[in-house]
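# Residue-level structural notes
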Amino acid sequence: MGLLSDPNRRRALINLLTRLNAPICALCYFAGVCWFMGLAFEPFTLRTYMSENAMGSTMVEERFPSGERALATGKEFAAHKKKVGGMPVDWLVKTMQAQGLEVFTQSFSRTLPFPDENKERYIVKGTNVYGILRAPRAPRTEALVLSAPCSPGDNNNQAVGLLLGLAHYFRSQVFWAKDIIFLVNEHDLIGMQAWLESYHHTNTTGMDWSPLQGRGGSIQAALSLELSSDVITSLDIILEGLNGQLPNLDLANLFYAFCQKIGVLCTIQGRLQRNDWDSVSGYSHAVQTMMLMVMKQASGRPWGDHGLFLRYHIEAATIKGINSFRQYKTDITTVGRLLEGMFRKLNNLLERLHQSYFFYLMPSLSHFVSIGYYMPAFGLLAVILLLRALDLWVQLVSPPAVAADGVGDIAQQSSPGVLSVLTPLVISHLTGAALYILPTRFQEIAVEHFPVSETEAVVLTAIAVYTAGLALPHNTHRLLSGEGTEQGWRVLKLVAVLYLAVLLSCTALINFSLGFILALTLVPVAAFVTPHVPKTLSAVVLVILSPAFTLLFSVFFFQELEEMPVSFQDGWLLYLSVISQGILDHYLYGSLVYPLIALMVYPCWLLFWNILFWK
């Protein structure tokens, strides 16, 4: 405190920070990247542990015996699905009623803002079927959900069969203290969104659905099941939900504990755990696993049906069966016992899961990185923006240099007008608003005048608006009276740097992965761009570090992490598909990544582009 309260010491500290500003910024950037890469090193991580006392022990006896019956039911379900060409609603209702459940259906419809070419759908109509097993030993104020999507083709038939087998087995047990809802949803996430909105009496996406005729208690936890093979080699847990939300870590710990108890191979991000953490290959494996989680979380899209439960504060995860043709095999009976054990432990909960972490990264299922460990990596990048803002402020308040004849520099003395700073801000955000609004509004006009489909029109319009924003400096100076001053670009950069610092900090608090990836590319731009650097080279660097190219690099990097590298042509097509899917996710489920990039990140980047070409 004495250092900051003493004017002389404070002045000396500010002089030191401004004199060594560039080296300190470079050091902070390097330290931030190294800190993040070190998070996957096992001695720097924490071992997972169960925080919730009600789930602290796995000493329950799992007795589910009906694996073969579940497979037979799955085959029967597949036959009826093929016969009716979709969801066999009548057969599901009769089957669930025969097992003693209270069975209800819900119809829904949704017209997409533009066709989803990945799944070849535009007007989506479907029906959800769910059965409720009422709790025999409680007042029925709480519930658990087990869901399985009705996927097209031969996908996920085994999951529906196992769900019905578990419903039949659970019906014969008397220890349930919570309602258990068995849900088969059609059209994957769209059907799940309709069911959740109706269950909670909300409609945030404009979907048409019929009200639910039957409800259970307040949902405490949910598991979504994906099985497409009679025999599996490992079970993979998917945690990433809408807008980067994650379930309470105890849910992943519970899955890992029962896999260890029953002897099932378990994976996260489709990768088995390795014990040779002290080797280069072991560390590389952990880094790749953690980076896959970072990339998926940064996308903001739900990676399973569980992802939509998280917005309602319901802890949920997707359990996916993988058949990778390893020698180790696990039958459906074992998977059923694992789910039985998990539901019995969740049945013991006296309150919602809250004891463990909600913000974490996982390089493996046995270790995790808490928010207290990974936020310093972002903080080292964010402090660069504060240092640059301090340097700019000192330059603005310092008196201008006096020449030998005693006359100060006129360019330094002239203060910038409000118009010179306000105009770039307004035009940048208007361009961002156009990027957000025009792609979906002008698709019909584009289809009429160009030989493209609706989806291609949306994506190409977004790219055209994004590219048109590069003409911002010329448009800005046409509106200005006279040329900008030397102090003008400093004021504009000070505003832009502080704006970016607040934007990235708020983003990292909600979705650390997205905030960190954006900081990696935008912080260098914000730190060193000025009107006095070489224009051509700096313009190329700024474009490479722009949000659009960050997404392009992320697409190729994600394919490398998935060990499915693609050519540039295939990568470009995948890039266009990612853009269209991001826009669809926003309109269908409420993903915030697209409006965040269009309305805030892109306009902020345009401010630095404007500074580079400041006249």
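Residues numbered from 1 in each chain as written. Predicted model: local features only at pLDDT ≥ 70, side-chain atom pairs only at ≥ 80, totals over all residues. Heavy atoms only, no water.

## Regarding the domain arrangement of the protein chain
A common measure of how large an interface is: the accessible area buried when the components associate. Considered domain by domain, the protein chain is made up of domain 1 (51-364) and domain 2 (416-611). Taking only C-alpha atoms, the centre of domain 1 and the centre of domain 2 are 36 Å apart. Residue-level contacts link 34 residues of domain 1 with 32 residues of domain 2. Ranking the residues of domain 1 by area buried against domain 2 places Phe-114, Asn-243 and Met-295 at the top, with a combined share of 25%. Where domain 1 packs against domain 2, one counts two salt bridges. Taking the shortest distance from any N to any O, the salt bridge between Glu-563 and Arg-271 comes out at 3.9 Å. (Domains from an automatic or database assignment. Contact = heavy atoms within 4.5 Å. Buried area = accessible area lost by both parts, 1.4 Å probe. Salt bridge = Lys/Arg side-chain N within 4 Å of Asp/Glu carboxyl O.)

## Re helix H9 (residues 280-299)
Between its first and last C-alpha, H9 extends 28 Å over 20 residues, near the 28 Å set by a 1.5 Å rise per residue. Backbone geometry just after H9 places Gly-300 at a positive phi near 75 degrees. (Helix = DSSP H or I, 4+ residues; strand = E, 2+ residues; numbered from the N terminus. Expected span 1.5 Å × (residues − 1).)

## Focus: the nonpolar core
Side chains that are nonpolar tend, in soluble globular proteins, to be buried together. Grouped together as the largest cluster of nonpolar side chains are 116 residues, with contacts concentrated most on Phe-36, Trp-195, Phe-378 and Phe-608. Tallying contributions element by element places helix H22 (residues 593-612) first for this core, with 14 residues. Taken together, domain 1 (51-364) and domain 2 (416-611) each give at least three residues to this core, which thus spans both. In this structure, Ile-232, Leu-235, Cys-266 and Met-342 belong to the second largest nonpolar core, which totals 69 residues. (Core = buried A, V, L, I, M, F, W, Y, C linked by side-chain atoms within 4.5 Å. Buried < 20%, exposed > 50% of the residue type's maximum accessible area, 1.4 Å probe, protein only.)

## Quick notes on the sheet that holds strand E7 (residues 218-226)
The sheet built from nine strands is open, its strands ordered E6-E2-E3-E5-E4-E7-E10-E8-E9 with mixed pairing. Edge positions in the open sheet fall to strand E6 (208-209) and strand E9 (266-268), since each of these has one partner strand only. One ladder, built from three bridges, connects strand E8 (residues 234-238) with E9; its direction is parallel. Within E9, the position partnered with Ile-237 by the bridge is Ile-268. This element, helix H21 (residues 568-589), spans strand E2 (102-116) and strand E3 (121-133) of the sheet and lies at about 135 degrees to E2. (Pairing = 2+ DSSP bridges. Axes fitted to C-alpha atoms, helices over the stretch in contact; angles between N-to-C directions.)

## Things to note about the packing of aromatic side chains
A complete count under the given rule lists 28 aromatic pairs for this structure. With a centroid separation of 6.0 Å and 55 degrees between ring planes, the pair formed by Phe-170 and Phe-343 is classed as tilted. With Phe-170 in helix H6 (residues 157-171) and Phe-343 in helix H10 (residues 332-347), this pair connects stretches of sequence that are 173 residues apart. Taking relative accessible area as the criterion, Phe-170 reaches 0% and is therefore assigned buried. The class for Phe-343 is buried, based on a relative accessible area of 1%. Counting every residue linked through ring pairs, the aromatic cluster contains Phe-64, Tyr-169, Phe-170, Phe-175, Trp-176, Phe-182 and Phe-343. Its end group placed over the ring of Trp-303, Lys-296 keeps NZ or CZ at 5.1 Å from the ring centre. (Phe/Tyr/Trp six-rings, centres within 6.5 Å; stacked < 30°, edge-to-face > 60°. Lys NZ or Arg CZ within 6 Å of the ring centre and 35° of its normal.)

## Digging into the packing of helix H18 (residues 512-528) against H22
Taken N-terminus to C-terminus, the directions of H18 and H22 make an angle of 15 degrees; their axes are 11 Å apart at the nearest point. As the angle between them shows, H18 and H22 are arranged roughly parallel. Seen from above, H18 lies across H22 with right-handed handedness. For the pair formed by H18 and H22, the contact residues are Leu-514, Leu-518, Leu-522, Val-525 and Ala-526 on the first element and Val-593, Leu-596, Ile-597, Val-601, Trp-605 and Phe-608 on the second. Classifying every residue of the contact of H18 with H22 by side-chain character gives eleven nonpolar, no polar and no charged. (Parallel < 35°, antiparallel > 145°, perpendicular 65-115°, else oblique. Left-handed = near helix turned anticlockwise from the far one by under 90°. Nonpolar A, V, L, I, M, F, W, Y, C, P; charged D, E, K, R; others polar.)

## Notes on the environment of Lys-94
With respect to the element layout, Lys-94 can be found in helix H5 (residues 89-98). Between the C-alpha atoms of Lys-94 and Gly-32, which are 62 residues apart in sequence, the distance is 58 Å.

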